[in-house]
Each structure stands twice: as structure tokens, then as C-alpha cells.
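Chain by chain, the residues run as shown.
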Amino acid sequence: MLSGLCSFVLWPVFMSVGIQHTTVGDATVIMALIPILTVLVGSAAQRRAPALSWWLGASLAFAGGVLLLVHRGLFLPAVVEGVSLRGDLWVLLGAVLCAIGYASGARVAQEIGTMATTFLGLTISLPLLAPIFLLCTPLRGLQRLPLEFWSAVAWMALMSSLVGYGLWFFALSRGGIARIATLQLAMPVFGLAFAALLLQESITDYLGLACLIILSGVYIAQRKA
């Protein structure tokens with residue numbers, strides 16, 4: 001129940017509410033804390049502090065992510081306008097809940113398996129999300145939305161929520177929370193690669209340096225995680 005409630009209900013809702021009251025840059029920087037928070041929650045549950053190498057690597061990777069955001073013009077405009085403390089706090093609280101969901105889901109997956117954990121979490125979430133969907137969605141306008149919209153929704157429902165969480169819980173349960181969660185710090189690198197591949201965005205020397213810093217931090221954190 002804790003994994004399903006945090007991962008599939010509270011985290012997406014808090015994120016959606018928070019992003020309406022702050023900038024994408026602020027929200028992205030806050031979300032970069034999720035892998036660090038996941039390790040801290042998992043370590044607290046196991047009553048074991050992460051190694052010093054993890055702290056060094058996580059700090060280096062997070063710094064690289066901030067540099068990447070600054071270069072792409074997402075973070076600096078947020079300092080000037082569009083930021084609200086309320087929005088940032090909503091996203092931050094959502095990130096904490098997401099970390100709790102990841103850590104608890106990994107523990108459950110060790111007992112009943114990854115797909116059972118994923119389906120159980122989605123099943124518990126459905127009765128809670130359905131009323132929110134009915135309240136927030138203009139049902140009459142859905143029939144006029146293009147095929148691209150439904151394709152995106154299908155991807156989020158099947159790949160991101162079902163397949164993605166199944167693979168994620170599998171990795172967390174088999175590889176350990178500290179070791180696997182740290183890999184999530186490399187997400188900006190994958191985002192940059194797909195942006196170049198699919199959107200033809202250019203990769204500058206500055207961006208390459210930021211990615212190198214991130215990967216170096218992940219490697220240091222992984223060595224003794």
C-alpha cells in the first residue's frame with residue numbers, strides 16, 4: 001500500500017500541482033534529488049549509512065546535473081521569475097514520497113516479485129486516481145484529441161507505469177537500493193542523448209563536460225555502494 005500510494009498516486013499528483021506554481025527548471029533540479037533521497041530512505045530502513053564514496057559520487061553527479069540545467073537555460077530564468085516557494089515545496093514533498101515509494105517497492109519486490117509488486121501498486125492506486133481523473137478531465141473534449149495524444153497516454157500507461165516500474169523494482173530488489181538508485185543520477189545524460197537523436201539538438205563541449213562529470217560521479221558512487 002505504501003509503495004502504490006507513494007509511487008503511483010501522491011508523487012504524480014504532487015508533481016502536477018507543484019509544476020503549476022514553479023518553473024520547469026526548479027522542478028527538474030528538485031527531481032534530481034530523487035535518487036539521493038531513495039538511497040537515504042533505503043539506508044534508514046536498513047539502519048546502515050551509505051559509504052563515503054557514495055556521498056562524494058552523488059554530490060559530484062548532482063553538481064553535473066545542475067551544470068547541465070544551467071547550460072540549457074532552465075535553471076537561470078527560474079531565479080528571476082516564475083518561482084514560488086509553494087510550488088517548490090509541493091515538488092520537493094512529491095520527490096520525498098517518490099523515494100519512499102521506490103524504497104518500499106524494492107523491499108516488497110524481494111518478497112513477492114517485481115511484476116506482482118507493480119500490478120498490486122497500480123491496482124491499489126486505481127480507486128484513488130479514478131475520481132481525480134473524473135474531476136480534472138473534460139470528458140467531452142477527449143474525443144477531439146489527435147492520435148498523438150492517445151499514443152503519448154498509451155506510452156505513459158503501458159511503458160512508463162507498467163513496464164518501467166516493473167524493470168525498476170526488479171533492479172532495485174536484485175541490485176540493492178543504494179547501487180541501483182544512484183544510476184538514476186545519469187538520467188540527464190540519457191535525456192541529452194535522446195534530444196540529440198530525436199530532436200536534432202546539438203551537443204556542445206560544455207554539455208559533454210557536464211555529462212562527463214555526471215558519469216564520473218555515478219562511477220564513484222557505484223564503486224562501494
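Residues numbered from 1 in each chain as written. Predicted model: local features only at pLDDT ≥ 70, side-chain atom pairs only at ≥ 80, totals over all residues. Heavy atoms only, no water.

Moving on, we get to the overall build of the protein chain. Helices and strands together make up the secondary structure of the protein chain, namely eleven helices and zero strands. Counting from the amino terminus, the protein chain carries its helices and strands in the arrangement α-α-α-α-α-α-α-α-α-α-α. Restricting the contact set of the protein chain to residue pairs at least 6 apart, pairs at least 24 apart contribute 85%. Surface exposure of the protein chain reaches about 12900 Å², of which carbon and sulfur atoms provide 72%. (Helix = DSSP H or I, 4+ residues; strand = E, 2+ residues; numbered from the N terminus. Contact = heavy atoms within 4.5 Å. Areas by Shrake-Rupley, 256 points an atom, 1.4 Å probe, with all protein chains shown as cover.)

When you line up the elements, T118 lands in helix α7 (residues 114–136). You can call T118 buried: its relative accessible area is 0%. At 3.5 Å, the side chain of T118 forms a polar contact with the backbone nitrogen of G166. Here T118 is in contact with F8, S161, L162, Y165, G166 and F169, once residues within four sequence places are set aside. (Buried < 20%, exposed > 50% of the residue type's maximum accessible area, 1.4 Å probe, protein only. Polar contact = N/O pair within 3.5 Å; in protein donor to acceptor, adjacent residues only side chain to side chain.)

For T114, the position within the fold is in helix α7. Those residues in contact with T114 that sit more than four places away from it in its chain are A109, G166, F169, F170 and S173.

Attention shifts here to the confidence of the model for the protein chain. Model confidence for the protein chain is summarised by a mean pLDDT of 77, while 81% of its residues fall at 70 or above. Confidence, expressed as mean pLDDT per element, reaches its minimum in the protein chain at helix α5 (residues 76–80) with 47 and its maximum at helix α1 (residues 2–19) with 86. (pLDDT = per-residue confidence, 0-100.)

It is worth spelling out α7 at this point. Under the 1.5 Å per step criterion, the end-to-end length of α7 is 31 Å for 23 residues, consistent within 8% with the ideal 33 Å. Among the residues of α7, T114, T117, T118, G121 and S125 are the ones counted as buried. (Expected span 1.5 Å × (residues − 1).)

This part is about the environment of L37. Within the secondary structure, L37 is located in helix α3 (residues 34–46). Placed 145 residues apart in sequence, L37 and T182 show a C-alpha to C-alpha distance of 9.8 Å.

In the structure shown here, the tally under the stated rule is six aromatic pairs. Plain terms: the ring middles of F8 and Y165 are 4.5 Å apart, the flat faces sit at 55° to each other, and that makes the pair tilted. Residue F8 is located in helix α1, and its partner Y165 is located in helix α8 (residues 147–175); the two are separated by 157 residues in the primary sequence. Ring geometry for F14 against W90: centres 4.9 Å apart, planes inclined by 70°, an arrangement best described as edge-to-face. Here F14 is found in helix α1, whereas its partner W90 is found in helix α6 (residues 85–112), with 76 residues between them in sequence. A relative accessible area of 32% means that W90 is categorised as partly exposed. (Phe/Tyr/Trp six-rings, centres within 6.5 Å; stacked < 30°, edge-to-face > 60°.)

On to α1, then. Counted at 1.5 Å a residue, the expected span for α1 with its 18 residues is 26 Å, and the 24 Å between its end C-alpha atoms agrees. Bending of α1 peaks at approximately 35° at the position of L10, with proline P12 no more than four residues after it. Buried within α1 are the following residues: S3, G4, C6, S7, F8, V9, W11, F14, M15 and G18. (Bend = angle between axes of the 7 residues up to and from the residue.)

Moving on, we come to a nonpolar patch on the surface. Nonpolar side chains collect at one region of the surface, where W155, M156, L158, M159, V163 and L167 lie side by side and expose about 620 Å² of accessible area between them. By relative accessible area, which is 35% here, M159 ends up partly exposed. (Patch = residues over 30% accessible without salt bridge, like charges linked within 9 Å, V, L, I, M, F, W, Y side chains within 5 Å. Salt bridge = Lys/Arg side-chain N within 4 Å of Asp/Glu carboxyl O.)

Before going further, it helps to spend a moment on the packing of α1 against α7. Where α1 contacts α7, the two axes come as close as 7 Å, and the packing angle between them is 35°. Where α1 crosses over α7, the two elements pack in a sense that is right-handed. Counted together, G4, L5, F8, V9 and V13 of α1 and T118, G121, L122, S125, L128, L129 and I132 of α7 form the full contact between these two elements. For the contact of α1 with α7, the per-class residue count stands at eight nonpolar, four polar and no charged. (Axes fitted to C-alpha atoms, helices over the stretch in contact; angles between N-to-C directions. Left-handed = near helix turned anticlockwise from the far one by under 90°. Nonpolar A, V, L, I, M, F, W, Y, C, P; charged D, E, K, R; others polar.)

Residues Y102 and L172 are the most contacted members of the largest nonpolar core, which totals 25 residues. Take this core: its biggest share by element is seven residues, from α6. Ignoring sequence-local partners within four residues, the contact set of L172 consists of Y102, A106, I177, I180 and A181. (Core = buried A, V, L, I, M, F, W, Y, C linked by side-chain atoms within 4.5 Å.)

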